[in-house]
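Breakdown of the fold
Okay, here's what each chain looks like letter by letter:
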Amino acid sequence: MGTRPLCSRLSSGDGAAILVADFQPLTAAPRLSKLVSDAAAGHSVHQVDPRGAVSGDRLYAAVPELADETAALFRAAEPAAAPDRRVFVVGHCSAAALSLQIADRLAGDREVTAILVQPTWPGTAHVTERFAEFQGKLGVADLPLPDLDGDPWSCIAGMEQLMNEGLAGLAKRLGLSKAPLAFSELLVSYRTWLAFLLACRNDQPVKVPSEAVAISVLTDEPGFVVPGTGPQRCRITPPPPAERPDAVTPEVARVVLDLVEGR
């Protein structure tokens, strides 16, 4: 399985440039970047795929490394003749910290706003819970995590090995020569989630961008503040009603575009 592009253009336009850092859900649900692109007439929309960057032989990448690479790819993709184009970096859920760092790197070139959609800041508990959850979905035993404070590449490789061994045991119990392909594909998907969550955990405390970066947040969390800042640092907008706080809907994409367009 090859590494997918970290940053790719979804649509073009002469309006604002929008970078959306999000994830392919483990369902058939659409990505926020796709919904924004579909509705963003006249804007240039780029999809930032942090899990895609660690989907191949590259098992791990730190958040600052991903931010540096994204900023470089964006600068290469945008026309040199449009340095005054406003940039909006949208981060969904656990991509919030990465989005803030991307915005900070671009702020020296252009006017930049970070838009965080239901932001979360994954820590040790989050990585531990997801590893246990993924093992359960694969039908394997609940094995302890490798050392999260050790070498991150070795940690991710260790998680993958444990899940592989569990799958091999499951296949043997079912009388199969090897685990079904669908399970192996799920394992890769789970590994990339864990790699990015570990990167977020390792990058705490959250790196707050310079005052040159405006921050808008879609959240229903009372009294929300970006860690390390005060309440005056962010513009808070309530998200549209949804069944789950992290739900990705056309209504959420519309609110994001309203912020981009100053409505």
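For the structure given in this document, a descriptive report is provided here.

About the criteria used
- Residues numbered from 1 in each chain as written.
- Predicted model: local features only at pLDDT ≥ 70, side-chain atom pairs only at ≥ 80, totals over all residues.
- Heavy atoms only, no water.
- Helix = DSSP H or I, 4+ residues; strand = E, 2+ residues; numbered from the N terminus.
- Rg over C-alpha atoms; globule rule 2.2 N^0.38 Å.
- Buried < 20%, exposed > 50% of the residue type's maximum accessible area, 1.4 Å probe, protein only.
- Contact = heavy atoms within 4.5 Å.
- Areas by Shrake-Rupley, 256 points an atom, 1.4 Å probe, with all protein chains shown as cover.
- Salt bridge = Lys/Arg side-chain N within 4 Å of Asp/Glu carboxyl O.
- Pairing = 2+ DSSP bridges.
- Axes fitted to C-alpha atoms, helices over the stretch in contact; angles between N-to-C directions.
- Right-handed = clockwise from strand over helix to strand, strands pointing away.
- Phe/Tyr/Trp six-rings, centres within 6.5 Å; stacked < 30°, edge-to-face > 60°.
- Parallel < 35°, antiparallel > 145°, perpendicular 65-115°, else oblique.
- Left-handed = near helix turned anticlockwise from the far one by under 90°.
- Nonpolar A, V, L, I, M, F, W, Y, C, P; charged D, E, K, R; others polar.

**Looking at the overall build of the protein chain**
Looking only at helices and strands, one finds seven helices and seven strands in the protein chain. Each helix and strand of the protein chain, ordered N terminal to C terminal, gives the series β-β-α-β-α-β-α-β-α-α-α-β-β-α. Taking 18 Å as the expected radius of gyration for a compact globule of 263 residues, we find that the protein chain reaches 19 Å, a close match to that expectation. Taken along its principal axes, the extent of the C-alpha atoms in the protein chain is 60 × 35 × 35 Å. In the protein chain, which comprises 263 residues, the proportion classed as buried is 52%. Long-range contacts, defined here as pairs at least 24 residues apart, represent 76% of the contacts in the protein chain between residues at least 6 apart. For the protein chain, the exposed area adds up to about 11700 Å²; of that, 57% sits on carbon and sulfur atoms.

**As for the environment of alanine 195**
Tracing the sequence through the fold places alanine 195 in helix H6 (residues 181–202). In this structure alanine 195 touches Val54, Leu59, Tyr60 and Ile156, once residues within four positions along its chain are discounted.

**Some words on the pattern of salt bridges**
Under the definition given, this model contains 15 salt bridges. The partner of glutamate 111 in a salt bridge is arginine 86, and the shortest N-O contact between them spans 3.5 Å. Of the two residues, glutamate 111 is situated in the loop between helix H3 (96–106) and strand E5 (112–117) and arginine 86 in the loop between helix H2 (63–77) and strand E4 (87–92); the sequence distance between them amounts to 25 residues. Taking the relative accessible area as the measure of exposure, arginine 86 reaches 34% and is therefore partly exposed. Each of Asp22, Arg31 and Asp49 takes part in a single network of salt bridges with overlapping partners.

**Considerations on the sheet that holds E5**
Taken together, seven strands build an open sheet; the order of strands is E1-E3-E2-E4-E5-E6-E7 and the sheet is mixed. Each edge of the sheet is formed by a strand with only one pairing partner; in this case those strands are strand E1 (7–11) and strand E7 (234–237). Across the sheet, the axes of successive neighbouring strands diverge by a mean angle of 20°, strand direction being ignored. Relative to strand E3 (residues 44–48), strand E2 (residues 17–21) runs parallel, the two sharing five bridges. Each residue of the ladder has a partner; that of leucine 19, found in E3, is histidine 46. The sheet strands contacting H3 are E2, E3, E4, E5 and strand E6 (213–218), and the helix crosses E4 at an angle near 165°.

**Brief notes about the pairing of E5**
Here E5 lies mainly inside the structure; six of its six residues are buried. Of the two faces of E5, both are covered, the one formed by Val112, Ala114 and Leu116 as well as the one formed by Thr113, Ile115 and Val117. Taken together, E4, H3 and E5 constitute a β-α-β crossover, and its handedness is right-handed. Bridge analysis of E5 against E6 gives six bridges, and the strand direction is parallel. Paired with valine 112 across the two strands is valine 213, which belongs to E6.

**Details of H3**
With respect to burial, H3 is a largely interior element, nine of its eleven residues being buried. Taken together, the buried positions of H3 are Ala96, Ala97, Leu98, Ser99, Leu100, Gln101, Ile102, Ala103 and Leu106.

**Let's talk about the packing of aromatic side chains**
The final tally for this structure, using the stated rule, is three aromatic pairs. For the pair phenylalanine 134 and tyrosine 190, a centre-to-centre distance of 4.1 Å together with 5° between the ring planes defines the contact as stacked. Residue phenylalanine 134 is found in helix H4 (residues 124–138), and its partner tyrosine 190 is found in helix H6; the two are separated by 56 residues along the sequence. Look at phenylalanine 134 and you get buried, because its relative accessible area is 3%.

**Some remarks on the packing of helix H5 (residues 152–173) against H6**
H6 packs onto H5 with a crossing angle of 155° between their chain directions and a minimal axis gap of 10 Å. One element, H5, and the other, H6, form an angle in the roughly antiparallel class. The crossing of H5 and H6 is right-handed. Residues Pro152, Cys155, Ile156, Met159, Glu160, Met163, Asn164, Leu167 and Leu170 of H5 pack against Phe183, Leu187, Arg191, Leu194, Ala195, Leu198 and Asn202 of H6. Its residues assigned to classes, the contact of H5 with H6 comprises twelve nonpolar, two polar and two charged.

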